[in-house]
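Residue-level structural notes
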Amino acid sequence: MTRVLVPVEILEGESVAAGLMDLLGTVDVTVLGYHVLPEQTPPDQAREQYEERAVSALEDVADEFRAAGGATEPRLVFTHDRQQTVDRVADEVGARAYAINGATGEVERLLVPLSGDVAVDRVLGFVADLVGNRDIAVTLFLASASEGAGERLERAASRLREAGIETTTEHVLAGDPFDALVEAVPDHDAIVMGQAAPSLSAFLFGDEAERLAAASVGPVLVVRSVEGLDG
Amino acid sequence: MDEASGQNIDGEAPVAETVVETEGATVTENAELERTLGLSGGLAIGIGTMIGAGIFVFPGLAAGRAGPAAAASFAIGAVIALLVALPASELATAMPKSGGGYYFISRGLGALAGAVVGLSLWFGLVFATAFYLVGFGFYAVDALGLAGVAAGEGLVIPIALLVGAGFTVLNVTGTENAAKLQNGVVALLLAILGVFLTFGVLDAVGVVGRPTAPERFAPFGPFPVLSTAALVFTSYLGFAQVATVAGEMKAPGRNLPLAMVGSVLVVGVLYVATIFVATSAIGSEALGRLGETAMVEVGGELLGPAGALAIVFGGLLATMSSANASVLSTSRAIYAVSKDALLPRRASRINLRYGTPHVALGLAGGPILALTATGQVEILAEVASFLHLVMYGLMCVALIALRRDEPEWYDPDFRVPGYPAVPVVGAVASFALIGFMQRLSQVVGLAIMAATAGWYFYYAGDVKLKGAL
């Protein structure tokens, strides 16, 4: 079964948009309630003080997810390092993707960028499982001027159409790929993208998925490039 | 496994629960506690705590007392530290919990020994931090001197107090992650020292520079070598601070022993080399006359004004890094005893606005400032060593006690080589070193231990912790 990790900053009152919960209704969800501490504070010390509140807030979020349809399992972590916690828990539960929270209403159209060095098969497989037989349309987006890019895009689209998903394509030939992607965001309710390999630009400007989430305001599902063992 | 039991006079009981330790987290019933410190972070805590004192404050004081044989005093300290770091590593991998030495001793030897060590560790760290801050004050005055501002030694204490208060406030309010900064500071210090020592050793053996007249190695005989070892032992206290963050280390079975033993080896070699270079460059008599910031003169002698500047800069960074790392360890030490109901639970409250343990940080910062105001470098250093050495000796005893009657839960990933010789010699050497300290330091140290024992009987005499994981 496909599993998605949804990290929630549980003690900061972060809530998950109803649209995202519905979108994830076809998959198993691990809600990761986390609380980040400054290094002066041992996680154990914070737990002593906040555990009760955090457990009850997390249980509320998990209940909402269950009401939206998917099997849901909560995890609560006190940490100094958010990214390390997300990666570890995603590995442990064998999550195929993790969510970056964002505001959205009912999801009717997904934007799926295939630009760059992402594992297209993994992303398409995940999109097919996520959409299932629901009435959600997909735009496949590719910003590349390289030879054969158009054919690659069409092959990907026909694969989704075979799975019964209404699919359109958008091929951008010029300009900055990231800017073009941000321009494509309106009219879409959520984004599904592949996790990019660590790169110089990610180091300098921040992770592309995080930047896209910030620029688009809506939720982003990041399909992980490596999966942990099931467990 | 035994259960922790009893209550303190406020009616609080030790927090007891069953947890599962994995490589990446401590898993409790409802929550996981992420382990986020790697090997480099552990080494940065160990080396960063130790390097300030041994290299930047002690060379002058030590050479004045023991002559060129001060290098031997540092070597003796390193051997004792290593004899303790090995048993401490075994205990830490068996019990990878915050609290370090306190935790091992309270579980291995019981609540009374634990309370004395835990509360003494608090004061030991407070004395050590005050010592680092006074060292910082001396370097700050030298830095002002280089900048052309004639600031007398009268400014040493005010500057130290200001910086000490600043750290306390910063640690309460600052929520930026400073761990990376600490790693950078340690790397920078090692680079400065690497250049300095390479040049200094070449100079000392006569490859470069002008020849220096040889001195008698131990002009004052063997006793000052040992009493100097007791004084400079403060330079090795940092490895135990690694154990206070044991609960936050990734893959603790591997990283804890490497960080503790590795940091002792690294700084031990650096210390001995530094003293060798310093006594060769300007002679032990001149070093002794120059006192706390003698290394600046050594840097100037070897590499000119740039060398002096580099040493002043290094001294400021190193004493600051030692002081800050110790303030953080103090707060964790207080948390560990308050979790076991040996101090009121409110000592470990967390500030709602900043998420920092403001009460524990205040319980560290307040006494630190009071002690800094005394400005007694040698007494501060020796009392800090005294209180740590008691803990070190008892850690070795706790190891022997646990090994003789191994409980079911005792399953360390790392076992001391050369058992039982290493912990036995470690314990004897730790206690023996205390005997070489000044009388005043011994009296203050014993008084603090007696007071902590009195506190235990008054406040938490019913609390039992032996064998309760």
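Quick note: structure is the one above.
Rules of the game
- Residues numbered from 1 in each chain as written.
- Chains lettered and ligands numbered in written order.
- Predicted model: local features only at pLDDT ≥ 70, side-chain atom pairs only at ≥ 80, totals over all residues.
- Heavy atoms only, no water.
- Buried < 20%, exposed > 50% of the residue type's maximum accessible area, 1.4 Å probe, protein only.
- Helix = DSSP H or I, 4+ residues; strand = E, 2+ residues; numbered from the N terminus.
- Right-handed = clockwise from strand over helix to strand, strands pointing away.
- Pairing = 2+ DSSP bridges.
- Phe/Tyr/Trp six-rings, centres within 6.5 Å; stacked < 30°, edge-to-face > 60°.
- Lys NZ or Arg CZ within 6 Å of the ring centre and 35° of its normal.
- 1 Å grid on protein atoms, 1.4 Å probe; cavity = no way out; pocket = protein on both sides within 12 Å on 5 of 7 lines; lining within 4 Å.
- Points joined across faces, edges and corners; volume = space filled by probe spheres on them.
- Nonpolar A, V, L, I, M, F, W, Y, C, P; charged D, E, K, R; others polar.
- Contact = heavy atoms within 4.5 Å.
- Buried area = accessible area lost by both parts, 1.4 Å probe.
- Salt bridge = Lys/Arg side-chain N within 4 Å of Asp/Glu carboxyl O.

**A word on the pairing of strand E6 (residues 137-143) of chain A**
All names here are of chain A. Counting buried residues along E6, 7 of its 7 residues qualify, which places the element largely inside the surrounding structure. Neither face of E6 is left uncovered, since the one carrying Ala-137, Thr-139, Phe-141 and Ala-143 and the one carrying Val-138, Leu-140 and Leu-142 both have all their residues buried. Traced from strand E5 (residues 109-113) through helix H4 (residues 120-131) to E6, the parallel crossover comes out right-handed. For E6 and strand E7 (residues 167-172), the ladder comprises 6 bridges, and the chain directions are parallel. In the strand pairing of E7, Leu-140 is matched with Thr-169. In this fold, E6 hands off to helix H5 (residues 149-162), which returns the chain to E7; that crossover is right-handed.

**Regarding the packing of aromatic side chains**
Aromatic ring pairs are reported here in terms of the distance separating the ring centres and the angle at which the planes meet. Residue and element names in this part refer to chain B. For the structure shown, the criterion picks out 14 aromatic pairs over all chains. Here the aromatic residues Phe-74, Phe-233, Tyr-236, Phe-239, Tyr-271 and Tyr-392 are joined through ring pairs into a cluster of three or more. The ring of Tyr-419 is capped by Arg-403, whose NZ or CZ atom sits 4.3 Å from the centre of that ring.

**Digging into empty space enclosed by the protein**
Counted according to the given criterion, the structure contains 2 cavities of 30 Å³ or more. Roughly 390 Å³ of internal volume is contained in the largest cavity. As for the largest cavity, its lining consists of 28 residues, of which Asp44(A), Lys97(B), Ser98(B), Tyr103(B) and Lys339(B) are closest to the centre. Where the lining of the largest cavity is concerned, the elements lending two or more residues are helix H2 (43-68) of chain A together with strand E3 (32-34), helix H4 (101-109) and helix H12 (294-339) of chain B. The class makeup of the residues in the lining of the largest cavity is 12 nonpolar, 5 polar and 11 charged. Taken as a whole, the second largest cavity spans an internal volume of roughly 30 Å³. Lining the second largest cavity are Met193(A), Gly194(A), Gln195(A), Ala196(A), Asp207(A), Glu208(A), Ala209(A) and Val222(A).

**Some details on the side chain of Thr168(B)**
Along the polypeptide, Thr168(B) turns up in helix H6 (residues 156-173). Leave out the neighbours within four places in its chain, and Thr168(B) touches Leu361(B) and Gly365(B).

**Focus: the interface of chain A and chain B**
Between chain A and chain B, the contact holds 27 residues from the first and 37 residues from the second. Each partner contributes to the roughly 2,700 Å² buried at the junction of chain A and chain B, and carbon and sulfur atoms together form 46% of this total. A per-residue breakdown of the area chain A buries against chain B is headed by Glu39(A), Gln40(A) and Gln45(A), which together make up 27% of the total. At the junction of chain A and chain B, the tally comes to 4 salt bridges.

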